[in-house]
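The lines below spell out each chain.
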Amino acid sequence: MKLVLMEIQRHLITWFMLFAIVGADLDYQSALTKSIIFLEAQRSGKLPPNNRLSWRGDSALDDGKLENVDLVGGYYDAGDNVKYGLPMAFTITTLSWAAISYQSDLQSAGELHNVRDAIRWGTDYLFKASFKRNRLYVQVGDPVKDHECWIRPENMKTPRTLLKIDRNTPATEIVAEHSAAFAAASIVFRGLDKPYARRLLNRAKSLFNFAKDYKGTYDGECPFYCSSSGFNDELLWAATWLYRATRRSVYMDYIQNEAISASVSEFSWDLKYAGAQILLSDLYMQGHKELQSFKQEADSFVCSVLPDSPSHQVYISPGGMIHLRDGANSQYVTGAAFLFSVYSDILGKHKEEVVCGNKKFGSGPLMAFAKQQMDYLLGKNPQGRSYMVGFGKNPPTQAHHRGASVPKMSPSKVVTCPMSFVYWYNTNAPNPNELTGAILGGPDKNDNFIDQRTNSAMTEPCTYINSLAVGVLAKLATHHAKV
């Protein structure tokens, strides 16, 4: 009898803990603020006086000198010290989209100026990388040598080699993504700084012409950022942003007559179709009936992801998280959450629905799913822990990140690369510097998570994971302050 009572008590405790997890309040305002602070932790170059991370300092101040060009600034993409053009531009495009779609929410949360600063930090660098017509610097740093050393960017001595593309070595994916970034950012700044916005838009137009006139896939950023989806999605994406920024028929003509689209079930740095389709669906609902196919494809994306859809395809973990691939899987979570949030707003505004076979879904179910995905990352999951550093219950402490895991030291201090792994990579201890706001790669398909920096698939952050989270967090901070 005693054993039976103990078993009942154990089950009651388990159910109580699960209920506590599901019903716990989440501070979306704090999550939003911290998600932007992480982007500041990824800054390269001469840091501004209002730098909010005491453990970060100036770094890579000679970038570009190998070819007598100025490539100082920009962002490190993840836990290493290389600057990759494709993910950096995608970070800026999606962050700009958040600033456009959720301007009032970001304003209410007191974060709009920080988001604009984050965008401008990126576009200022992208201007440098694209200063010469039909030439674009797409990478700074030797990723092989960089990955052989575990040192903070302020102290790195690894080569800052450069990769560039031009008419003879085209890279349509990367160039078109830069065009999209400039076009989206021009919308953000046109009411604030018209000359800057005009420069952004002119650069977007020039790069779009470069992308479509000199087509070719570039593998120079492989194996780290190989585009497996081709360049047609980036061309559609860039044309869509240029039309939004200009309303010029030349871009709409391209979208209707030259661009190639496809039905997909993910949105990421490599695959942009769903984002363009949702933007174009808004235009369709405004009266551009010739864009109906994009509404159908946007619906197809939602139908492939939404668990209640009869045409659901995407794997959902037992705890409710989208899982497409090990390694930065959180990008697919925040990416879907952001698109579902934006599309829910569009559907609500036009009183439209998503059609999935014999089922229809309005804006409510889409936003509920977006919220559930973000809630999972912030703590409402089987592990009962947050996957954002410095936020919520039992957040990760061993982010796979050089700057966070290596103690602050004199810029002149020299550490050999082999010993750097001994001192700071292979130690099973919390990072000395909190990488505030970083959403890490996250758990596996069974909701299991190991908080060790040696497990990069689970513990490495990326700028685009966070840029995709900013908009939906702003919306939740305004409309769901406590749940």
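Refer to the structure above for everything that follows.
Quick notes on the rules
Residues numbered from 1 in each chain as written. Predicted model: local features only at pLDDT ≥ 70, side-chain atom pairs only at ≥ 80, totals over all residues. Heavy atoms only, no water. Patch = residues over 30% accessible without salt bridge, like charges linked within 9 Å, V, L, I, M, F, W, Y side chains within 5 Å. Areas by Shrake-Rupley, 256 points an atom, 1.4 Å probe, with all protein chains shown as cover. Salt bridge = Lys/Arg side-chain N within 4 Å of Asp/Glu carboxyl O. Buried < 20%, exposed > 50% of the residue type's maximum accessible area, 1.4 Å probe, protein only. Core = buried A, V, L, I, M, F, W, Y, C linked by side-chain atoms within 4.5 Å. Helix = DSSP H or I, 4+ residues; strand = E, 2+ residues; numbered from the N terminus. Contact = heavy atoms within 4.5 Å. Expected span 1.5 Å × (residues − 1). Lys, Arg positive; Asp, Glu negative; His and termini not counted. Axes fitted to C-alpha atoms, helices over the stretch in contact; angles between N-to-C directions. Parallel < 35°, antiparallel > 145°, perpendicular 65-115°, else oblique. Left-handed = near helix turned anticlockwise from the far one by under 90°. Nonpolar A, V, L, I, M, F, W, Y, C, P; charged D, E, K, R; others polar.

1. So, a nonpolar patch on the surface
Here's step 1: A contiguous nonpolar surface patch, about 270 Å² in accessible area, is contributed by Met 419, Val 422 and Tyr 423.
Here's step 2: For Met 419, a relative accessible area of 33% gives the class partly exposed.

2. So, the nonpolar core
Here's step 1: Counting residues in hydrophobic clusters, the biggest one holds 155 residues, and the most contacted among them are Trp 97, Trp 241 and Tyr 343.
Here's step 2: At 12 residues, the largest contribution of residues to this core is made by helix α7 (residues 172-189).
Here's step 3: Apart from residues lying up to four places away in sequence, Trp 241 is in contact with Thr 93, Trp 97, Ile 100, Ala 180, Ala 183, Ala 184, Ile 187 and Leu 279.
Here's step 4: Core analysis: the second largest hydrophobic core is formed by 12 residues, Tyr 76, Cys 149, Met 156 and Trp 424 among them.

3. Some words on the pattern of salt bridges
Here's step 1: Per the counting criterion, the structure on display carries 20 salt bridges.
Here's step 2: A salt bridge links Glu 266 to Arg 325; its shortest N-O distance comes to 2.8 Å. Within this pair, whereas Glu 266 is found in the loop between α10 (249-257) and α11 (273-285), its partner Arg 325 is found in the loop between α12 (292-305) and α13 (330-350), the two being separated by 59 residues in sequence.
Here's step 3: Taken together, the shared-partner salt bridges connect Arg 56, Arg 152 and Glu 154 into one network.

4. Some points on α7
Here's step 1: With 18 residues, α7 extends 26 Å from end C-alpha to end C-alpha; this agrees with the ideal 26 Å at 1.5 Å per step.
Here's step 2: Most of α7 is tucked away: 18 of the 18 residues are buried.

5. Looking at the side chain of Arg 135
Here's step 1: Along the chain, the position of Arg 135 falls in strand β2 (residues 135-140).
Here's step 2: It turns out Arg 135 is buried and unbridged, and the closest side chain with the opposite charge, Glu 67, is 5.4 Å from it.

6. A closer look at the packing of helix α9 (residues 232-246) against α10
Here's step 1: It is at 8 Å that the axes of α9 and α10 come closest, and there the two elements cross at 150°. As the angle between them shows, α9 and α10 are arranged roughly antiparallel. Of the two elements, α9 crosses α10, and the hand of that crossing is left-handed. Contact with α9, carried on its side by Leu 235, Leu 236, Ala 239, Thr 240, Leu 242, Tyr 243 and Thr 246, involves Tyr 251, Met 252, Tyr 254 and Ile 255 of α10 and no other residues of that element.
Here's step 2: Tallied by class, residues from the contact of α9 with α10 come to 9 nonpolar, 2 polar and no charged.

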